[in-house]
Amino acid sequence: MIRREIQSILKSHLMELGYEYDFVVEIPEEQFGDFSTNIALAGAKYFKKPPREIAKYFVEKFSDRPMFKEVTIAGPGFINFKVSNEFYRDFLIKFMQDPRSIWNFKKRENVLLEYGSANPTGPLTIGHGRQVVIGDVLGNVLRYIGYDVTKEMYLNDAGRQIKLLAKSVWARYNQILGFDEPIPEDGYKGKYVINIAKRVISDHNDRYFKIWNEDVERVFKEYALVEITNMFNSTLEKIGAQFDNVFKESSLIEDGTIREVLTILEQKDLIYEQDGAIWFRTSRFVNDNDKVLIKNDGSYTYFLTDIAYHYRKYKRGFFTAIDIFGSDHHGHLPRMYAAMKALGIPEDFLIFVLHQFVTLKRGNEVVKMSTRAGEFVTLDELIDEVGSDAARYFFAMVDVNTHLNFDLELAKSKTDENPVFYVQYAHARISSLFENAQAKGINFTLLDSIELLESESEMRLIKLISLFDEILEKVAERLSPHYLTDYLEKVASAFHKYYAENKIVDVENVPLSNARLNLAYAVKSVLSEGLTLVGINAPQRM
RNA sequence: GCGGCUGUAGCUCAAUAGGACAGAGCAUCGGACUUCUAAUCCGAGGGUUGUGGGUUCGAGUCCCGCCAGCCGCGCCA
């Protein structure tokens, strides 16, 4: 917020001089001040003057602004700004009066966020967990700062995999009934398959014993789908992921979108037949081979239905579609961009977020996750073991592009090794301050005595609070939630330090107590908002 | 072989679209509870940013080569 203000002041001065070039206003190491800019360094080649001389010009422009305590030139030509205490206190007052208006988030476009999309063929994995949390947190943040967000999960209920699952269930069904039907090659071997088979038995007895045809397949598919969807829902609920919508792949076939897309591509001469299959001319748009849309057995590839899905997203009127995928899908990107181009959809409509994988560790030991053998640790088991708060925090806390090492022992530990507790503890600690104040008969009054706040550590806390909006903007811009958890840890740390050094509730000095409680109240408020956005509890007690 | 991501302190990670002496947490070592929650705080040590070049006032960041790890290169999704 303050940064933006400095930026725009600088920019207007620059334009007065008839120049326009890129410069940054950043938050430097504390010793240099609150904010700093490289405008003089970046401008050297335009002004054709030494940076320090240019800096001097800008510094003078700031000399009469009460917002700053100090504006100085340093090093090769950086300009450092030290914000005045009055300004910080003013900010705090405005924040306490109405945080939403001080952030001034404007209304923005509608966005379709797709994530957690999975083959409904088995329990959600740890990998899905990371994706779901990234998507959920990004969705929360985007919505918070003004986007009209729809969180959507795509259910691949029409492909080969779901057929394989149906067949696997049927095999188990026969096995239970006494016939040794083998599970198909590449079929599903997990325990849940047996559970689904048992359900069919309890409803239909041996009606489909040794009988396999399209009608039977449909029945088993339906049972599998219902069962797996229930499993998904219960896991998603456990981890607090809320979707606005579930979009079924099969609906694209039913409502004619697939046909529509094929027609458009055909009219543009972008598809052709070869070896009994229908191909899309991917190579015309990107550096990739042509891809099959319809297999020679007449069934659709995932690529085709995904094109149709995104065509549908566009037709539904979304300004942007953000897809969150595991990094193993990166080969899917070029062909999707090609398809969007082919359909005349604007290039920036589709944005991909690819997240790296998760390695599960127990201390130093890597926990093996083998999908084939059905031995993987499911997301469900993970949540049961470490709890939803820790699971969410851990999934959100590193850059999406960084391989995540998820240490089960660390996530479970209730000590200072665990960042989740560190942040939550700060919140709980503040809550207890208010109880304590009340017990000691100090009447906390909102906005009272704020002028008594003046120490460095108090200003540092207010400054951190003032950065809340730009952190959220950054999460949205870079599409990675870890900036938020990072910020929360900084706020928590600054508060713990402040708490250790200052007596906040002091019956000997009620006005000062009130001032400090106001500050604590504001800190608690950003912690609580932030934790809520990450989707974890902001406890009153721990 | 081709393509994507990654490589930073013993470990896990940051580094704000090229900026100041590369920062946190954990671990290690040393301190702080008769005082609002010690799930906390303070201090110390710890680095040739995988490697070799290049671009420039300035590179962990950009370009080229090499090495290592993960992933992808299906009429799977």
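Structure shown above.
Reading guide: rules and limits
- Residues numbered from 1 in each chain as written.
- Chains lettered and ligands numbered in written order.
- Predicted model: local features only at pLDDT ≥ 70, side-chain atom pairs only at ≥ 80, totals over all residues.
- Heavy atoms only, no water.
- 1 Å grid on protein atoms, 1.4 Å probe; cavity = no way out; pocket = protein on both sides within 12 Å on 5 of 7 lines; lining within 4 Å.
- Points joined across faces, edges and corners; volume = space filled by probe spheres on them.
- Helix = DSSP H or I, 4+ residues; strand = E, 2+ residues; numbered from the N terminus.
- Domains from an automatic or database assignment.
- Pairing = 2+ DSSP bridges.
- Axes fitted to C-alpha atoms, helices over the stretch in contact; angles between N-to-C directions.
- Contact = heavy atoms within 4.5 Å.
- Parallel < 35°, antiparallel > 145°, perpendicular 65-115°, else oblique.
- Left-handed = near helix turned anticlockwise from the far one by under 90°.
- Nonpolar A, V, L, I, M, F, W, Y, C, P; charged D, E, K, R; others polar.
- Patch = residues over 30% accessible without salt bridge, like charges linked within 9 Å, V, L, I, M, F, W, Y side chains within 5 Å.
- Areas by Shrake-Rupley, 256 points an atom, 1.4 Å probe, with all protein chains shown as cover.
- Salt bridge = Lys/Arg side-chain N within 4 Å of Asp/Glu carboxyl O.
- Buried < 20%, exposed > 50% of the residue type's maximum accessible area, 1.4 Å probe, protein only.
- Core = buried A, V, L, I, M, F, W, Y, C linked by side-chain atoms within 4.5 Å.
- Phe/Tyr/Trp six-rings, centres within 6.5 Å; stacked < 30°, edge-to-face > 60°.
- Lys NZ or Arg CZ within 6 Å of the ring centre and 35° of its normal.
- Expected span 1.5 Å × (residues − 1).

### Observations regarding the layout of surface pockets
As a volume, the second largest pocket reaches approximately 990 Å³. Taken together, 34 residues form the lining of the second largest pocket, with Arg3, Ile27, Leu467, Glu470 and Ile471 sitting closest to its centre. Looking at the lining of the second largest pocket, the elements that each hand over two or more residues are helix 1 (2-16), strand 4 (78-83), helix 4 (85-97), helix 18 (456-466), helix 19 (468-478) and helix 20 (482-501). Two domains each put at least three residues into the lining of the second largest pocket: domain 1 (2-83) and domain 4 (419-534).

### Describing the pairing of strand 8 (residues 271-274)
Relative to strand 9 (residues 277-280), strand 8 runs antiparallel, the two being bridged by 4 bridges. Each residue of the ladder has a partner; that of isoleucine 271, found in strand 9, is phenylalanine 280.

### A word on the sheet that holds strand 8
Picture the strands of a sheet paired through backbone hydrogen bonds; they go either parallel or antiparallel. As summarised here, the arrangement of the 3 strands in space is 8-9-10, forming an open sheet in which the pairing is antiparallel. Taken across any chain shown, the strands that pair with only one partner, and hence form the sheet edges, are strand 8 and strand 10 (291-294). The average undirected angle you get between the axes of adjacent strands in this sheet is 45 degrees. Each of strand 9 and strand 10 is contacted by helix 12 (residues 302-315), which is oriented at about 75 degrees to strand 10, the strand it contacts most.

### Here we look at the packing of helix 7 (residues 160-176) against helix 8 (residues 191-204)
One can describe the packing of helix 7 onto helix 8 by two numbers: an axis separation of 8 Å at closest approach and a directional angle of 65 degrees. For the element pair helix 7 / helix 8, the angle class is roughly perpendicular. Here helix 7 runs over helix 8; the crossing is right-handed. Counting all contacts with helix 7, which are made through Leu165, Ser168, Val169, Arg172, Tyr173 and Ile176, the residues of helix 8 involved are Tyr192, Val193, Ile194, Ile196, Ala197, Lys198, Val200 and Ile201. Its residues placed into classes, the contact of helix 7 with helix 8 shows 11 nonpolar, 1 polar and 2 charged.

### Some remarks on a nonpolar patch on the surface
Among the surface-exposed residues, Leu446, Leu447 and Tyr521 lie close enough to one another that they form a single nonpolar patch of about 240 Å² accessible area. For leucine 446, the position within the fold is in the loop between helix 17 (419-439) and helix 18.

### Structural notes on the pattern of salt bridges
Within the structure shown, the criterion is met by 28 salt bridges. Across the pair glutamate 385 and arginine 362 runs a salt bridge whose closest N-O atoms are separated by 2.8 Å. Here arginine 362 lies in strand 13 (residues 358-362) and glutamate 385 lies in helix 14 (residues 379-386), a separation of 23 residues in the sequence. With relative accessibility at 28%, the residue glutamate 385 sits in the partly exposed group. Where salt bridges share partners, they join Arg362, Glu385, Glu409 and Lys412 into one cluster.

### With respect to unusual backbone geometry
Even without glycine at this site, aspartate 269 takes up a positive phi of about 60 degrees. Structurally, aspartate 269 is set in the loop between helix 11 (257-267) and strand 8. Judged by relative accessible area, aspartate 269 falls into the partly exposed class, the value being 43%. Phi is positive for leucine 447, which is not a glycine, with a value near 70 degrees. Inspection of the secondary structure assignment puts leucine 447 in the loop between helix 17 and helix 18.

### Quick notes on the environment of arginine 429
Here arginine 429 shows up in helix 17. Expressed as a C-alpha distance, the spacing of arginine 429 and arginine 130, which sit 299 residues apart in the sequence, is 29 Å. In this view, arginine 429 contacts His496 and Tyr499; residues no more than four positions away in its chain are not counted.

### A few points about the side chain of histidine 427
In this structure, histidine 427 sits in helix 17. Among the residues examined, histidine 427 registers a relative accessible area of 2% and is labelled buried. With residues near it in sequence (within four places) discarded, histidine 427 still touches Lys524, Leu527, Ser528, Ala538, Pro539 and Gln540.

### Description of the nonpolar core
Within the largest apolar cluster, 146 residues are counted, with the highest numbers of intra-cluster contacts made by Leu382, Phe395 and Phe406. The biggest single contributor to this core is helix 21 (residues 510-534), with 11 residues. When sequence neighbours within four positions are dropped, the list of residues in contact with leucine 382 reads Ile126, Leu360, Val377, Gly387, Ala391, Phe395, Phe406 and Leu408. With 36 residues, the next largest nonpolar core counts Leu112, Leu270, Tyr311 and Phe318 among its residues.

### Some remarks on the packing of aromatic side chains
What the rule picks out here adds up to 37 aromatic pairs. Ring pairing ties together the aromatic residues Phe91, Phe95, Trp103, Phe105, Tyr144, Phe468 and Tyr487, which thus form one cluster. One Lys or Arg, arginine 100, reaches over the ring of tyrosine 144 and ends 4.2 Å from the middle of that ring. Cation over ring: lysine 463 sits above phenylalanine 35, and NZ or CZ is 5.5 Å from the ring centre.

### Focus: empty space enclosed by the protein
Under the defined criterion, the tally for this structure stands at 1 cavity of 30 Å³ or more. Approximately 30 Å³ is the volume attributed to the largest cavity. Lining the largest cavity are Tyr337, Met340, Lys341, Ile345, Pro346 and Glu347. Tallied by class, the residues present in the lining of the largest cavity amount to 4 nonpolar, no polar and 2 charged.

### Concerning helix 12
Along its 14 residues, helix 12 runs 20 Å from first to last C-alpha, staying within 8% of the 20 Å computed at 1.5 Å per residue. For helix 12, the buried fraction is high: 10 of the 14 residues fall into the buried class.

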